[in-house]
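Next come the chains, spelled out residue by residue.
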Number of protein chains: 2
Amino acid sequence: MTGKHSVFDEATAARPAGTGRYQVHPDVRFAMVVPGGSTPAAVNGGVMVATVLRAVLDTSPHPYPVATSAHFLRVPRLEPAEVEVTWLKQGGTAATARAALVQEGRPVLDVTVTTGNLPAGPAANGELSWTGEPPHLPPIEECVDLGPWRGTVGPDGTAGYAAQVDMRLDPATTGWRRGQPSGIPEMRGYFALRDEREPDAYLLALAVDALPPVVFGLGAAGWAPTVELTWHMRAVPAGGPLRVASRCRHVSGGWFDEESEVWDAAGRLVAQSRQIARVGRRARG
Amino acid sequence: MTGKHSVFDEATAARPAGTGRYQVHPDVRFAMVVPGGSTPAAVNGGVMVATVLRAVLDTSPHPYPVATSAHFLRVPRLEPAEVEVTWLKQGGTAATARAALVQEGRPVLDVTVTTGNLPAGPAANGELSWTGEPPHLPPIEECVDLGPWRGTVGPDGTAGYAAQVDMRLDPATTGWRRGQPSGIPEMRGYFALRDEREPDAYLLALAVDALPPVVFGLGAAGWAPTVELTWHMRAVPAGGPLRVASRCRHVSGGWFDEESEVWDAAGRLVAQSRQIARVGRRARG
């Protein structure tokens, strides 16, 4: 199917509303914590970033978001919001814009985006080209269909984000589901939308923040709010499921980092990210 | 010595000049390409970020720059500039500011900073704490004193940045100095300032961008301009030389990523970064 009518495209739509202004609407269908619990709803951070990117790319002189830095200031309400885009520079190789998602006059998400061109195929002759080792994943049929997991299902049984995504995780990284965390803060798996929309820049913005928090592997539980996330698009993705591998390097003082790589079905590294987030409440000592 | 009179502190000084405004001056003593060559002078990106951080931390409610995202728009001139700081949110756990380094009315460097608190010692009882493997470095006496290298010395013999820093590189990552690049885009070594100023948040901002570009290991040469760099401060560093390890995951389309980790002399991970940069001219095919 084309992407234009997928739930993801509806949820991330940005409608022009005057020069540099766009109307958006944080969507309950991608809520990480669904309404009705003790905490307010929170929409997946990658979905929020994808929404802002739609507004930025609408007037970008270059087609791809090469570098996107997002600082998360407040939890968005599931109500209309506005994205304001300001271009700081439009150069021949790169262009940079600031964009703010604003709700009730207050910034919710502050983003800086540098756009540019990216390769869609093999390297040109004589061009410097190099890639590190891809992540090692078992075949998809040996992976665990994650389905809705704790924190993503409300008291009435409604699932938000988890109902939209098709995640098959390496069983080595899913011990936390049975109360047996591996002791290693990592997650690996295959990622797609359930409606089989093909990957593009917007879906990559979600993919880098798609897997359960790496700290689940250390016994942490609950929502782990992203404070800042920067991601780089490295190539135009081929169709098919994405492979996502997330790791962590350091947890202390209530902060943890999570680094993700996204590889496409053709075996190319298409996106990289690092976020810093807060550790949720701890399940066991 | 205290840091207050070091060349680094002079070069990164930000003098208050009205509410949210600071006077700064990109300093030839940290130039990567010194004046007189065919290209204009360019100051080390980490030094520029440290300068902006001084302005931001001047009015921050929290002491440390937990997440700093910097988009480099133009090459700064070695002339007076201004930093403009705007706070977007000041919360109990984190505060976020936008800061722009402006020269002749045009943004040169656009930065978003989230500040917070960070641990200065061992983890508190019951706090979730975890760290990955540190980089493997030979003893410092087996490392190569880098000294000034090509690109950092002007036609008149003046060295900028390279004259300020004391870098001892793992010999496995220095083959490019004799025209024999290792074929692996990585750099590892010990880093300090020559005047022995102790590490703090500002010096970490430099350390994450301190080593020669990782693509030298692939035979690239020349200045590799940073387009975007995000770094995270993870702990308050102990005194003594820092260990810095940089790697790359993907080079294509003229773009490369460079990820650095900085460990302090007490063996703690104190900073992480990733930047996306442009490949300089290639030395050999």
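Residues numbered from 1 in each chain as written. Chains lettered and ligands numbered in written order. Predicted model: local features only at pLDDT ≥ 70, side-chain atom pairs only at ≥ 80, totals over all residues.

A. Spotlight on the overall build of chain A. When helices and strands are tallied, chain A shows 4 helices and 17 strands. Seen through its C-alpha atoms, chain A measures out along the principal axes to roughly 50 × 50 × 40 Å. The burial tally for chain A puts 53% of its 285 residues in the buried class. Long-range contacts, defined here as pairs at least 24 residues apart, represent 71% of the contacts in chain A between residues at least 6 apart. (Helix = DSSP H or I, 4+ residues; strand = E, 2+ residues; numbered from the N terminus. Buried ≥ 20, exposed ≤ 12 C-beta atoms within 10 Å, placed from the backbone. Contact = placed C-beta atoms within 7 Å.)

B. Fine view of the interface of chain B and chain A. The partner chain A presents 49 residues to the 48 residues of chain B that form the contact. Of the residues in the side of chain B that touches chain A, the class split is 22 nonpolar, 17 polar and 9 charged. (Nonpolar A, V, L, I, M, F, W, Y, C, P; charged D, E, K, R; others polar.)

C. Layout of the environment of Ser260(B). Residue and element names in this part refer to chain B. Along the chain, Ser260 falls in strand S16 (residues 255–263). Classification of Ser260 as buried rests on a count of 25 C-beta atoms within 10 Å. Remark: the alpha-carbon pair of Ser260 and Gly280, spanning 20 residues in sequence, is separated by 19 Å. Discounting chain neighbours no more than four positions away, the residues touching Ser260 are Val208, Val244, Ala245, Ser246 and Ser273.

D. Here's a closer look at the relation of the copies chain B and chain A. Turning chain B through 180° and shifting it by 0.0 Å along the axis lays it on chain A, with an RMSD of 0.0 Å. Given the turn and translation reported, the copies of this chain are related as if by a two-fold rotation axis. No C-alpha of chain B lies nearer the rotation axis than that of Ser69(B), which sits 3.2 Å from it. (Least-squares fit on C-alpha atoms with pLDDT ≥ 70 in both.)

E. Representation of the pairing of strand S13 (residues 226–233) of chain B in the model. All names here are of chain B. In terms of burial, S13 is largely enclosed, as 8 of its 8 residues are buried. Bridge analysis of strand S5 (residues 64–72) against S13 gives 5 bridges, and the strand direction is antiparallel. Considered in S13, the bridge of Thr68 is made with Trp231. The sheet contact formed by S13 and strand S17 (residues 269–278) spans 7 bridges and is antiparallel. What sits directly across from Trp231, in S17, is Ser273. (Pairing = 2+ DSSP bridges.)

F. Summary view of the pairing of strand S6 (residues 81–90) of chain A. Residue and element names in this part refer to chain A. Sheet topology note: the strand S2 (residues 21–24)/S6 ladder contains 4 bridges and is antiparallel. Residue pairing for S6: Gln23 is matched across the bridge by Glu82. Pairing geometry for S6 and strand S7 (residues 94–103), over 8 bridges, is antiparallel. Each residue of the ladder has a partner; that of Trp87, found in S7, is Ala97. In sequence, S6 turns back onto S7 through a hairpin of 3 residues.

G. Examining unusual backbone geometry more closely. Its identity is not glycine, yet Glu104(A) carries a phi of approximately 50°, on the positive side. When you line up the elements, Glu104(A) lands in the loop between S7 and strand S8 (106–116).

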